Each structure stands twice: as structure tokens, then as C-alpha cells.
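Spelled out from the first residue to the last, the chains are:
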Amino acid sequence: MSWFRRPSSTPLWQDEFSVFTADERYVNRRQFTKFLTLTSLAMFAGNLWILVRSWFRRPAFYPKQAVAKLNELPVGGVKLFSYPTAADRCILVRTEAQGYVAYSQKCTHLSCAVYYSQARNRLECPCHQGFFSIVDGSVLQGPPRRPLPRVVLEQKNGLLIATRMEQEGA
Amino acid sequence: MNTDPRQNRGLTAIDGAMTLIVVLLIVQIWLFSATLESYLAGHREAALPGAIISGILFAACAALYLFVDRIDSEVRKG
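Residues numbered from 1 in each chain as written. Chains lettered and ligands numbered in written order. Predicted model: local features only at pLDDT ≥ 70, side-chain atom pairs only at ≥ 80, totals over all residues.

1. Regarding unusual backbone geometry
Residues and elements named next belong to chain A. Note that the residue after Tyr 83, namely Pro 84, is joined by a cis bond; omega there is -5°. Structurally, the position occupied by Pro 84 is in the loop between strand S2 (78–82) and strand S3 (89–96). Phi is positive for Asn 71, which is not a glycine, with a value near 70°. Looking at the element boundaries, Asn 71 is found in the loop between strand S1 (65–69) and S2. Accessibility expressed as a C-beta count within 10 Å gives 9 for Asn 71, which makes it exposed. (Helix = DSSP H or I, 4+ residues; strand = E, 2+ residues; numbered from the N terminus. Buried ≥ 20, exposed ≤ 12 C-beta atoms within 10 Å, placed from the backbone.)

Structure follows, in C-alpha cells:
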């Protein structure tokens, strides 16, 4: 049994545009099957792309960066900063007298900027009502499935210093 | 209405193969979205098995397409 169709003397265009009504059903089904197979190829290509990206992904470099002075913010106060690059916006929140937390400001759903809701003590994404815990950045509600990446902070010489980002599972 | 039993059998075979491709494709789309979600979450370990299984599913879809193409050719040419 051969996998391929037998060679035929009929030109391909006669196959694709048959004058017989009954044959059209075959053409339509064959074309639909070809479309599905090409979609399957696209999915495979997508998976290969992920594989190549994961092989060549360089480990992120996290510089030590001062993001605020201690006592610069009141309790419940917020400061925006960029870390580790200028394109990565982060949000620093003073949750209590000695408690500071910082997270990436990009919602893990569709990258809208999250803001701190002091009344509800949580981070909220205004786009699709995704809410994150202020304690650990985990998802409380809404479409995001991953927690917010957390910025690890150190206190030194009266400064708050960002040392690295903590992704989920990292 | 098609009454030729040979053509009817051909159509049934093609419909069956098409249904199987649809099922495989749904699994493959789910696999792609799950692998992408995992990659974006910083996990790399799912990328290789995801690509291998996706390749197997694509090979199955391609084989079924060749089957449909051959049946189509045989039945219509008589």
C-alpha cells in the first residue's frame, strides 16, 4: 500500500475544479483536511520556536539598584521604578512601618500596568480585573494565571536596594 | 445524492480521517498553549517533550492527510 496518490495524467487543475458535482465533496474535504494539516504544522512550528527560545535564553542579569530611601514613603505609599532594565516597570509598596514589597508592574495576563489599591490592600489590574496579593504577588482573582514576579529587596545604609527578580518557580 | 457504494465508502473513510485529524489538532493546540504558558512562567523543562509530542501529532495528521489524498484520488478515478 502506498501512502501517496498514484501519478495521474489528469492535470491538477482538473482535480481541484471538477465539473462533476459529486467530486466537489471530495475536493472540499481534501482542502479542509489540508488546511487542518497546515494548522497542525503551525502548532508544531510554534512548539519548536518555544524549544529554540528556551535553549538560547540567557540567564537574566540583575544589578543591585537603590530604588528608594527608607522612610521616603508613608505607610501605604507607592513608588514606581524600573528594574532590571529601563523598560521593566516595577511598583514598590510600603505595607507597614518596616514592611516593603516590590513587584513587576506588568500584569501576567496581558501586561497592563497594575496599581496598588490601599483600601483593599492588593494589587489590581484595571484592564480585566485581575487582582494580586500584596503579600506574595499570587493571583487572587481574574484571568491571570501566574503570580507577579517579585523584586527581592535589601535594606542597606538607609536605602532599599533591589537585588534580583523572583519568578514563579524560580 | 451520491449512490455509488464505492464513492460512499470513500467519503466515509475521508470523514473518519478528518474527524481524527480534528481530535489530534485539538490536543496539539492545547499542548501548544500549555507549553507556552509554562515557558512564560520561566519553566524550560516542558519545551522538549512538548516539541516531540507536537511533532508526533503533526506526523499523524500528515499521514492522515496523505491517506485522504490517496483515497480521494482512487475513488474519483475509479
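2. A word on the sheet that holds strand S7 (residues 130–133) of chain A
All names here are of chain A. Spatially, four strands are ordered S5-S6-S7-S8 in an open sheet, and the strand pairing comes out antiparallel. Of all the strands in the sheet, the pair left with one neighbour each is strand S5 (115–117) and strand S8 (139–141). Within this sheet the neighbouring strands show an average axis-to-axis angle of 40°, counted without direction. With two bridges joining them, S7 and S8 adopt antiparallel strand pairing. (Pairing = 2+ DSSP bridges. Axes fitted to C-alpha atoms, helices over the stretch in contact; angles between N-to-C directions.)

3. Some words on the sheet that holds S3(A)
All names here are of chain A. Spatially, S1-S10-S9-S4-S3-S2 is the arrangement adopted by the six strands of the open sheet, whose pairing is antiparallel. Bordering the open sheet on either side are S1 and S2, each of which pairs with just one other strand. The sheet shows a mean angle of 35° between the axes of neighbouring strands, direction not considered. Pairing between strand S4 (residues 99–104) and strand S9 (residues 150–156): two bridges, direction antiparallel. Bridging across to S9, Tyr 103 finds its partner in Arg 150.

4. What about the interface of chain B and chain A?
In this complex, chain B contributes 40 residues to the contact, which on the side of chain A involves 34 residues. Counting residues per element, the ones that place at least two in the side of chain B that touches chain A are helix H1 (5–40) and helix H2 (47–77) of chain B. Per-element tally for the side of chain B that touches chain A: the top contributor is H2(B), with 20 residues. Here the side of chain B that touches chain A is composed, by residue class, of 23 nonpolar, 10 polar and seven charged. (Contact = placed C-beta atoms within 7 Å. Nonpolar A, V, L, I, M, F, W, Y, C, P; charged D, E, K, R; others polar.)

5. Quick word on the confidence of the model for chain B
For chain B, per-residue confidence averages 88 on the pLDDT scale, and 94% of positions sit at 70 or higher. We note a pTM of 0.65 for the whole complex and an ipTM of 0.90 for its interfaces. (pLDDT = per-residue confidence, 0-100.)

6. A few points about the packing of helix H2 (residues 21–56) of chain A against H1(B)
To characterise two packed helices, one gives the angle between the axes of the helices and the distance between these axes. In contact at an axis separation of 9 Å, H2(A) and H1(B) are set at 20° when each is read in the N-to-C sense. By the angle between their directions, the pair H2(A) and H1(B) is classed as roughly parallel. Judged by the twist between their axes, the crossing of H2(A) over H1(B) is left-handed. Here the contact of H2(A) with H1(B) is built from residues that sort into 16 nonpolar, 10 polar and two charged. (Parallel < 35°, antiparallel > 145°, perpendicular 65-115°, else oblique. Left-handed = near helix turned anticlockwise from the far one by under 90°.)

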